[in-house]
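Residues per chain, in single letters:
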Amino acid sequence: MSISLNTCILILKEHHLLKSSAVQDAVATKMEYVSYDSRDIATNTLFFCKGAGFRPTYLSMAKDNGAICYVAEQPYPEGKGMHALIVRDVSKAMALLSAAFFRFPQDDLFVVAFTGTKGKTTSSYFLKGMLDQINGGRTALISSVNNILGTKPEDSFKSSLTTPESLDLFRDMRQAVDNGMTHLVMEVSSQAYKKNRVFGLTYDLGFFLNISPDHIGPNEHPNFADYLHCKLQLLVNSRKCIINAETDHFDEVYAAATTTTNPDSIYLFASEKFENAKLKVPVDFRYASQESDLRETKFRLFCASDKAQQLAIAGDYTLQMLGDFNQSNGTAAIIGAGLAGEDHDHAAKGIRHVTIPGRMQTEMTKSHGMVVVDYAHNKASMMALMRFMQREFNNPRIIVVVGAPGDKGVSRRPGFSESLTAYANKAYLTTDDPGFEDPQSIAEEIDSGIDHSRCEVTIELDRKKAIHDAIAEAGKDDVILICGKGADAFQKIRGINTPYPSDIVVAQQVINELEGENEHFNG
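Cut-offs applied
Residues numbered from 1 in each chain as written. Predicted model: local features only at pLDDT ≥ 70, side-chain atom pairs only at ≥ 80, totals over all residues. Heavy atoms only, no water. UniProt positions renumbered as here; feature names shortened; annotations may be inferred. Helix = DSSP H or I, 4+ residues; strand = E, 2+ residues; numbered from the N terminus. Expected span 1.5 Å × (residues − 1). Buried < 20%, exposed > 50% of the residue type's maximum accessible area, 1.4 Å probe, protein only. Contact = heavy atoms within 4.5 Å. Salt bridge = Lys/Arg side-chain N within 4 Å of Asp/Glu carboxyl O.

The protein chain has the name UDP-N-acetylmuramyl-tripeptide synthetase in an unreviewed UniProt entry, where Lactobacillus gigeriorum DSM 23908 = CRBIP 24.85 is given as its organism. According to the UniProt record, the Subcellular location (unreviewed entry) comment for the protein chain reads "Cytoplasm".

And the structure:
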């Protein structure tokens with residue numbers, strides 16, 4: 001692959017991004033590699049000077065290693081002798097030029113994107129499971145858990161960001177196309193729009209699942225209005241929009257969708273109990289809970305409007321996951337499958353056995369209750385999880401192991417305090433990716449907001465010991481919720497990914513130690 005310098009200039013001019021250029025022989029000059037990392041350079045590389053941590057010495061390193069052109073928001077003496085493209089916004093420029101370098105891979109994929117404060121990953125996995133039924137397993141996935149770019153084991157790898165940097169995203173999409181993938185399901189975070197990681201990308205289907213305050217802090221969004229604005233951009237850039245009618249700020253969400261999408265291509269879904277009178281527009285799809293047990297959830301989907309009835313997806317569905325909130329996620333994904341051309345029978349078969357690493361993984365013990373490992377990592381997901389457990393298991397004693405990450409998500413910490421006060425009987429506050437912050441200080445910050453007359457608190461920074469102690473103290477009718485990390489096999493400590501067995505592995509080891517190898521089973 002390559003891109004000419006002249007093509008770069010034309011693209012940047014078209015989008016009014018080019019401030020100035022210092023080039024020679026723009027038509028004949030071709031870049032055969034693109035990078036924003038000075039350690040990852042090949043001969044004839046186009047190098048992007050981006051990020052808050054960028055230093056001019058990185059440009060010198062890139063030049064020495066073979067970069068011949070740089071894109072930046074200001075000229076650098078270190079780039080003397082290189083072609084230079086000076087732009088108004090380097091992150092937008094990188095997205096546009098990366099898409100062109102990788103030959104616009106989105107044009108060869110049916111691209112589906114999910115956004116929301118919670119449910120993105122689960123909905124994405126559900127939809128992949130269903131689409132795989134009709135395309136022979138050729139659905140690519142970009143999620144906060146794993147990226148899947150092909151059908152071979154080496155095509156799957158753990159993700160580092162919910163939505164990759166634009167250059168990495170378009171490279172991954174090109175690899176997916178080259179691997180024969182026909183569909184792409186992806187999570188799109190608010191930060192993806194804040195940092196222009198998906199600038200210029202249009203989705204065939206865009207989903208808005210829900211919104212509640214999150215990701216607000218010094219390194220993220222300055223306030224909720226900014227967070228919501230970034231979330232809404234997904235709908236503005238989607239050909240068809242699917243919205244949870246029960247979301248907060250519905251009027252703003254729906255209005256954003258209508259700015260670029262005809263109402264005939266906007267689909268709304270809600271639970272059977274939701275009152276339609278609250279909306280100015282009708283709900284297209286309804287879902288109703290049928291039954292659930294410790295292993296699965298059953299619900300029925302109804303097509304309520306004429307345009308919904310054109311999709312052959314009404315009927316009964318079974319999920320291999322606990323939680324009434326997963327019925328909402330499942331409904332969203334089923335609508336996506338229907339809009340991609342799938343019928344009920346294929347969709348029901350595809351979603352039936354989908355599981356998500358670190359999501360609602362359960363272990364039933366003989367005498368220490370039910371242990372649940374879940375990625376719940378903000379107030380909305382914590383409340384939904386504990387509310388479900390309280391209702392489903394007749395008000396059990398709830399013991400929670402949880403921590404908050406350092407350096408980000410600072411706004412989540414009061415939400416942890418509120419949710420623990422509302423539903424937990426006992427909380428073990430522990431370490432969860434503290435980064436450059438002191439985990440003791442993070443735990444004390446959460447603890448300070450908890451009503452100790454309603455929730456007993458123990459601070460235990462050793463996460464393995466916290467999990468051990470929580471399970472050990474539990475009675476046979478208690479529920480132990482291990483929240484936050486899910487299937488994550490690392491602790492991020494002072495810039496280093498420190499190996500960690502994952503919560504489910506630690507929990508299984510503890511149960512084996514307490515009860516013996518064969519006295520528990522997977523739920």
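**Q** Outline helix H3 (residues 90-101), listing residues and values.
**A** Compared with the 16 Å implied by 1.5 Å per residue over twelve residues, the 16 Å span of H3 between its first and last C-alpha is a close match. Most of H3 sits inside the fold, with eleven of its twelve residues counted as buried. Those residues of H3 lying buried are Val90, Ser91, Ala93, Met94, Ala95, Leu96, Leu97, Ser98, Ala99, Ala100 and Phe101. Of the residues one or two after H3, Arg103 is the one with positive phi, at around 60 degrees.

**Q** With reference to specific residues and values, describe the UniProt feature "binding site: ATP" (unreviewed entry) in the protein chain.
**A** The feature "binding site: ATP" (unreviewed entry), as given by UniProt, occupies Gly116, Thr117, Lys118, Gly119, Lys120, Thr121 and Thr122 in the numbering adopted here. Positionally, Thr117 belongs in the loop between strand S8 (110-115) and helix H4 (120-135). You can see Thr121 is positioned in helix H4. Taking relative accessible area as the criterion, Thr121 reaches 3% and is therefore assigned buried. Residue contacts for Thr121: discarding those within four places in its chain leaves Ser144, Val145, Glu187, Ile356 and Arg359.

**Q** Give a detailed account of the UniProt feature "domain: Mur ligase C-terminal" (unreviewed entry) in the protein chain, specifying residues and quantitative values.
**A** Following the UniProt record, one finds the feature "domain: Mur ligase C-terminal" (unreviewed entry) at residues 358-486. Its end C-alpha atoms 4 Å apart, residues 358-486 is made of 36% helix and 21% strand.

**Q** Describe in detail the side chain of Ser271, supporting the description with residues and values.
**A** The residue Ser271 is located in strand S15 (residues 266-271) in this model. Beyond its immediate chain neighbours, meaning those up to four positions away, Ser271 contacts Glu246, Arg286 and Tyr287.

**Q** So, the pattern of salt bridges: which residues are in play, and what are the values?
**A** Across all of its chains, the model carries 27 salt bridges by this definition. For Asp172, the salt bridge is made with Arg171, and the minimal N-O distance between the two is 3.5 Å. Residue Asp488 is joined to Lys485 by a salt bridge in which the shortest nitrogen-to-oxygen separation is 3.2 Å. On the basis of relative accessible area, Lys485 is assigned to the buried category, the value being 2%.

**Q** Account for unusual backbone geometry, with residues named and values stated.
**A** Both trends apply: most residues other than glycine have a negative phi, and most peptide bonds are in trans. Non-glycine residue His16 carries a positive phi angle of around 55 degrees. Following the sequence through the fold, His16 ends up in the loop between helix H1 (5-14) and strand S2 (18-22). The class for His16 is exposed, based on a relative accessible area of 63%.

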